[in-house]
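A look at the structure
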Amino acid sequence: MDWIERAAPNVRDRGKELLPVEQIKIAFDHFCAGLPLHDNEDIRRLDRRDKGIWELKTLDVRLFGCFVEWRVFLITVVRDKATVKKAGY
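Residues numbered from 1 in each chain as written. Predicted model: local features only at pLDDT ≥ 70, side-chain atom pairs only at ≥ 80, totals over all residues. Heavy atoms only, no water.

**Topic: the pairing of strand β3 (residues 61–69)**
The pairing of strand β2 (residues 54–57) with β3 spans 4 bridges and is antiparallel. Bridging across to β3, L56 finds its partner in L63. In terms of strand pairing, β3 meets strand β4 (residues 72–80) through 8 bridges, oriented antiparallel. Counterpart to L63 in the pairing with β4 is V78. The turn joining β3 and β4, which pair antiparallel and follow one another in sequence, is formed by 2 residues; a positive phi near 65 degrees is taken by R71. (Pairing = 2+ DSSP bridges. Helix = DSSP H or I, 4+ residues; strand = E, 2+ residues; numbered from the N terminus.)

Quick look at the structure:
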């Protein structure tokens, strides 16, 4: 998972104890274990069409992508939370 270290923003806002890359790894572990994702807290649907765009959230990082099949999330963009907020999402 070297790509996580390269893609993860190095900006912390609320996650004072965990680096952004650690937050992402925890979110992946949670998702891969099949634990429930809570709407608007852990994940948010941005596009209402079938297989729309989703935002997977940690305290400081936003991962954007889509479900290409059941339980397969394809991440296309990784940004820090502050940048996403400035863009109006």
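**Let's talk about the pattern of salt bridges**
Inspection of every chain in the model, using the stated rule, returns 2 salt bridges. With a shortest N-O distance of 2.9 Å, R44 and E55 are connected by a salt bridge. Here R44, found in strand β1 (residues 43–45), pairs with E55, found in strand β2; they are 11 residues apart in sequence, far enough to count as distant. A salt bridge links E55 to R62, with the shortest nitrogen-to-oxygen separation between them at 3.3 Å. On the basis of relative accessible area, E55 is assigned to the buried category, the value being 2%. Residues joined by salt bridges that share partners form a network here, namely R44, E55 and R62. (Salt bridge = Lys/Arg side-chain N within 4 Å of Asp/Glu carboxyl O. Buried < 20%, exposed > 50% of the residue type's maximum accessible area, 1.4 Å probe, protein only.)

Just distances and angles here, no functional claims.
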